[in-house]
Amino acid sequence: MASEKNGLISRYYNHYSLWSMFKAKNLSPQKLAGFTALILATVITLGTVLIDSNWKIIATAFVLTFLTSYYLYLYTLQNFIYRKIKLIYKFIYQTKASKREEFFNKNILPLKTIEEVSEDVEKWASQKKEELDSLRRNEAYRKEFLLNLSHELKTPIFAVQGYIHTLLDGAMDDPKVNKLFLKNSTKNIERLCRLIDDLDEISKLESGEMTINAENFIIQDLIRDVFDTLSLKANTKGIKFNVKKGCEAPIHVLADKEKVRQVLINLIDNSIKYGRTDGHTVASIYIMDDKRVLIEISDDGIGIAEEHLPRVFERFYRTDRARSRDIGGTGLGLAIVKHIVEAHGQTINIRSKPEIGSTFGFTLEKGE
């Protein structure tokens, strides 16, 4: 009873193993040809047994049938599979040079297993998915950029157009009105010019046309120069500038001085625009290691909500569009700052909290 049970279990196990192997997803052409040849040889051998009981003839029929079926089926199967695979590779490498593609098909492809081909196709599919995702993001960004650019251009153009039409309709004869309208037109034209200049600047930075002329200088001296430049604007809001205590000792950096000045002007000007009345703008300088210096510009102004932080360096991105346009600016300042810092091979970041303030920090190479 026990032996019969064991025999059943053994037959079931062998049958299950054979069937599971045959149904395997990664079954090779050799195994498939072997299975097919074995089935054909067995059937023909059984037929031979019925015709002739000579064991030599039976054995010869089995061997010849198995070998002939195996190699014929394997040859046919491989040619069919690799013909299909070559079509797949031609599709995958359709942008490659034809000579390279021909060499690949003749010399490399026949050496690849089905598993390796499957891995190549999966990698290609993953790469294409990433490219499509990137294209979708870029398309969405392009649409948003064009929409923002049109808004930024329309505002000063429509304002100037309105003032001029009003003057032509009769306001030109009123000395008080015509002078006011001309002043307002001039302001909007200047804003339009700044926008075009900033667009030109950021285009040069992105294309790599703008070179970095590095020199050694003391960063605290440059910060104080920028403080002096913007002091009148800061005084209108009662904002005080200072270098953080403990950061007064001169620190040399190796960078393009005028480009860094532009970075500081943008960051400090923003601290004035979005700073609270009678507030403070503080500059901090830290030596991070033997190679880098960290410069931080902090204010105690309105701050930025957390959801906006990842996008503040995008072109024309504004956390509060209406309020930002009232304050002024082209919406390109922080994008230019980011490009200048990255052109130095350095990084910039921001920490901010609404009603507490913002801190922009960027690194520069340590000088001698």
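Residues numbered from 1 in each chain as written. Predicted model: local features only at pLDDT ≥ 70, side-chain atom pairs only at ≥ 80, totals over all residues. Heavy atoms only, no water.

A.B. asks: Is there a simple way to think about the overall build of the protein in this case?
C.D. replies: When helices and strands are counted, the protein shows 11 helices and seven strands. By sequence separation, contacts in the protein at least 24 residues apart represent 72% of the contacts at least 6 residues apart. When the accessible surface of the protein is split by element, carbon and sulfur atoms take 59% of a total near 23,600 Å². (Helix = DSSP H or I, 4+ residues; strand = E, 2+ residues; numbered from the N terminus. Contact = heavy atoms within 4.5 Å. Areas by Shrake-Rupley, 256 points an atom, 1.4 Å probe, with all protein chains shown as cover.)

A.B. asks: Is there a simple way to think about the packing of aromatic side chains in this case?
C.D. replies: Using the criterion set out here, one finds four aromatic pairs in the structure. Taking the centre distance of 4.5 Å and the plane angle of 10 degrees together, the rings of F227 and F241 count as stacked. Of the two residues, F227 sits in helix α7 (residues 219-229) while F241 sits in strand β2 (residues 240-243), which places them 14 residues apart along the sequence. On the basis of relative accessible area, F227 is assigned to the buried category, the value being 6%. Their ring planes at 85 degrees and their centres at 6.1 Å tell us that F313 and F360 sit as a pair that is edge-to-face. Of this pair, F313 sits in the loop between β5 (292-299) and α10 (321-327) while F360 sits in strand β7 (residues 357-366), and the two are 47 residues apart along the sequence. Judged by relative accessible area, F360 falls into the buried class, the value being 7%. (Phe/Tyr/Trp six-rings, centres within 6.5 Å; stacked < 30°, edge-to-face > 60°. Buried < 20%, exposed > 50% of the residue type's maximum accessible area, 1.4 Å probe, protein only.)

A.B. asks: For this particular structure, what's the right way to read the confidence of the model for the protein?
C.D. replies: If pLDDT is low for a region, its predicted coordinates should not be looked at in detail. Of the residues in the protein, 73% have a pLDDT of 70 or more, and the chain-wide mean is 78. Here residues 8-22 is modelled with pLDDT under 50, and outside its nearest four sequence neighbours on either side it reaches six contacts, counting other chains as well. (pLDDT = per-residue confidence, 0-100.)

A.B. asks: What is the right way to read the packing of α7 against helix α9 (residues 257-273) from this model?
C.D. replies: A pair of packed helices is characterised by two quantities: the angle between their axes and the separation of those axes. The interhelical angle for the contact between α7 and α9, taken along N-to-C directions, is 50 degrees, at an axis separation of 10 Å. On the basis of their axis angle, the class for α7 and α9 is oblique. Handedness of the crossing formed by α7 with α9: right-handed. Contacts between α7 and α9 involve I219, L222, I223, D225, V226 and F227 on the former and, on the latter, K257, V260, R261, L264, I265 and I268. Within the contact of α7 with α9, the residues separate by chemical class into nine nonpolar, no polar and three charged. (Axes fitted to C-alpha atoms, helices over the stretch in contact; angles between N-to-C directions. Parallel < 35°, antiparallel > 145°, perpendicular 65-115°, else oblique. Left-handed = near helix turned anticlockwise from the far one by under 90°. Nonpolar A, V, L, I, M, F, W, Y, C, P; charged D, E, K, R; others polar.)

A.B. asks: Explanation requested: α7 in the structure shown.
C.D. replies: Three- or four-residue spacings in an α-helix give side chains the same orientation, since the helix completes a turn every 3.6 residues. All of the buried residues along α7 are I219, Q220, L222, I223, V226 and F227. Along the axis of α7, the buried residues cluster in a sector spanning 160 degrees; they form a single face. Opposite the buried face of α7, by more than 90 degrees, sit the exposed residues D228 and T229. (Arc of directions from axis to C-beta.)

A.B. asks: Just to check I follow, could you spell out helix α11 (residues 333-343) for this structure?
C.D. replies: When α11 is considered as a whole, its buried residues turn out to be G333, L334, A335, I336, V337, I340 and V341. Count one or two residues on from α11 and you reach G345, which has phi positive near 75 degrees.

A.B. asks: Would you mind showing me how to read the side chain of E296 here?
C.D. replies: Along the chain, E296 turns up in strand β5. A residue is classified by how much of its surface remains accessible, and E296, at 10% relative accessible area, is buried. Apart from residues no more than four positions distant in its own chain, E296 is found in contact with V282, A283, S284, Y286, R351, T359, F360 and G361.

A.B. asks: Teacher, can you tell me more about a nonpolar patch on the surface here?
C.D. replies: The grouping of L38, F62, V63, L67 and Y71 at the surface amounts to a nonpolar patch, some 450 Å² of accessible area in total. When residues of the nonpolar patch are assigned to their parent elements, the largest contribution, four residues, is made by helix α3 (residues 55-92). (Patch = residues over 30% accessible without salt bridge, like charges linked within 9 Å, V, L, I, M, F, W, Y side chains within 5 Å. Salt bridge = Lys/Arg side-chain N within 4 Å of Asp/Glu carboxyl O.)

A.B. asks: What should I look at first to understand the pattern of salt bridges in this one?
C.D. replies: A full pass over the atoms with the stated rule returns 10 salt bridges. The salt bridge partner of R276 is D300, with a shortest N-O separation of 3.1 Å. One end of the pair, R276, is in the loop between α9 and β4 (280-287); the other, D300, is in the loop between β5 and α10, and 24 residues separate them in sequence. Note on R276: relative accessible area 43%, which makes it partly exposed. On the basis of relative accessibility, which here comes to 17%, the residue D300 falls in the buried class. Close ionic contact of E342 with K338 constitutes a salt bridge, the shortest N to O distance being 2.7 Å. Taken as a pair, E342 and K338 lie in helix α11 at a separation of four residues, close to a single helical turn. Judged by relative accessible area, E342 falls into the partly exposed class, the value being 41%.

A.B. asks: What is the right way to look at the UniProt feature "transmembrane region" (unreviewed entry) in the protein in this model?
C.D. replies: Summarizing the sequence annotation, UniProt attributes the feature "transmembrane region" (unreviewed entry) to residues 32-51 and 57-77 in the numbering used throughout. Across residues 32-51, the secondary structure splits into 100% helix and 0% strand, with the terminal C-alpha atoms separated by 29 Å. (UniProt positions renumbered as here; feature names shortened; annotations may be inferred.)

A.B. asks: Can you walk me through the nonpolar core in this structure?
C.D. replies: Formed by 47 residues in total, the largest nonpolar core has its most connected members in I219, L264 and F362. When we break this core down by domain, the ones giving at least three residues each are domain 2 (142-207) and domain 3 (215-365). When sequence neighbours within four positions are dropped, the list of residues in contact with F362 reads V263, L264, L267, V293, L294, I295, V341, T347 and I348. (Core = buried A, V, L, I, M, F, W, Y, C linked by side-chain atoms within 4.5 Å. Domains from an automatic or database assignment.)

A.B. asks: In this structure, what is going on with the environment of L195? I would like to understand it.
C.D. replies: Relative to the helices and strands, L195 is located in helix α6 (residues 175-207). Taking the C-alpha atoms as reference, L195 lies 9.9 Å from G333; in sequence the two are 138 residues apart.

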